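Now for the letters of each chain:
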There are 2 protein chains.
Amino acid sequence: MVISARGGGGQVRPDGGGQALMLKIGARALIRKVFTEKEVIQFAELSLDRNPLHLDKEVGKASIFGQRVVHGMLVASLFSGLIGMELPGKGSIYLGQTLTFKAPVFIGEAVTATVEIIKIRKDKPIVTLSTVCEKDSGQVVITGEAVVKVPEMIPVS
Amino acid sequence: MVISARGGGGQVRPDGGGQALMLKIGARALIRKVFTEKEVIQFAELSLDRNPLHLDKEVGKASIFGQRVVHGMLVASLFSGLIGMELPGKGSIYLGQTLTFKAPVFIGEAVTATVEIIKIRKDKPIVTLSTVCEKDSGQVVITGEAVVKVPEMIPVS
């Protein structure tokens with residue numbers, strides 16, 4: 001389900017640990033996912049965000065969106081998945097994330113989240129990634145950036 | 001479970017709709033929550049973030065943190081809950097969120113998330129809230145800001 005398209009030009013940064021983790025400017029990972037009604041309900045319970053705009057069909061229908069909307073933070077959680085599993089990968093430590101929610105995502109609608117390394121610090125094992133999520137139509141639903149400590153200092157399985 | 005301590009000085013902004021939604025600079029809402037192992041596993045499935053730092057006891061133990069860490073985005077989802085349910089409340093539309101993850105949260109550890117209105121736009125029904133999450137010890141684990149469209153234009157139940 002996760003497609004990791006590493007590559008691109010730019011800087012190569014081998015880490016200082018035992019694993020030769022190669023991170024390059026332009027390296028990308030992406031994932032396409034459809035959020036189900038069940039997942040929206042689960043996230044509502046985890047976050048305690050039971051805003052009827054997400055859960056109530058009638059409220060969704062009567063809203064400016066015309067239907068229920070997937071929680072923005074649930075969609076954004078895909079960035080956590082890509083960062084934690086793919087790029088930089090297991091053992092990564094999330095230092096920061098900015099998010100701009102640009103358009104609603106509806107239940108049953110496919111979105112593709114992409115993370116791409118845009119900055120590699122030379123003094124510390126920290127990278128910045130652009131984080132973008134869009135629909136199949138190309139409509140962008142979330143933009144932002146993540147700052148991540150790479151796992152060189154952390155034992156990973 | 002949610003404590004809403006509205007108040008503070010500053011600007012009062014009645015909305016233009018049928019409901020007299022009063023938003024003030026300094027208005028706050030907060031919630032205290034403990035994340036369980038079950039919830040961390042559920043979030044791992046929703047976000048596809050199965051980073052062993054969150055899920056694997058041995059990896060957590062061997063990490064710099066000494067134990068498994070709750071996903072930062074799961075902790076941050078409490079802000080979504082407060083915004084969607086309390087302040088500004090049902091029908092709110094999330095426009096943006098910045099997050100700085102300052103310290104790990106462990107499974108079974110209580111955290112309190114607080115949102116507070118720090119800016120009210122005069123030209124549009126949009127507010128900015130500070131978003132902070134801390135442990136009972138006072139240690140801050142997440143800081144950031146949210147930008148939210150208030151629900152005056154959205155039918156709420």
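Remember, it's a predicted structure, so these values are computed and weren't measured experimentally.

1. Section: the overall build of chain A
- Of the regular secondary structure elements, chain A holds four helices and eight strands.
- Considering chain A as a whole, with its 157 residues, one finds that 54% of them fall into the buried category.
- Summarising the internal contacts of chain A: among those between residues at least 6 apart in sequence, 63% fall at separations of at least 24.
- With an accessible surface of roughly 6600 Å², chain A has 53% of that area assigned to carbon and sulfur atoms.

2. Observations regarding the environment of Lys 33 of chain A
Residue and element names in this part refer to chain A.
- Considering the arrangement of structural elements, one finds Lys 33 in strand E4 (residues 28–34).
- The spatial distance from the C-alpha of Lys 33 to the C-alpha of Val 111 is 5.5 Å, given a sequence separation of 78 residues.
- Polar side-chain contacts of Lys 33 include one of 2.8 Å to the side chain of Glu 39.

3. Focus on the environment of Val 70 of chain A
All names here are of chain A.
- With respect to the element layout, Val 70 can be found in the loop between helix H3 (57–62) and helix H4 (72–85).
- Along the chain, Val 70 and Thr 36 lie 34 residues apart, while their C-alpha atoms are 8.8 Å from each other.
- Filtering out sequence-adjacent residues up to four positions away, Val 70 remains in contact with Phe 35, Val 40, His 54, Val 75, Val 105, Phe 106 and Ile 107.

Thresholds, definitions, all that
Residues numbered from 1 in each chain as written. Chains lettered and ligands numbered in written order. Predicted model: local features only at pLDDT ≥ 70, side-chain atom pairs only at ≥ 80, totals over all residues. Heavy atoms only, no water. Helix = DSSP H or I, 4+ residues; strand = E, 2+ residues; numbered from the N terminus. Buried < 20%, exposed > 50% of the residue type's maximum accessible area, 1.4 Å probe, protein only. Contact = heavy atoms within 4.5 Å. Areas by Shrake-Rupley, 256 points an atom, 1.4 Å probe, with all protein chains shown as cover. Polar contact = N/O pair within 3.5 Å; in protein donor to acceptor, adjacent residues only side chain to side chain.

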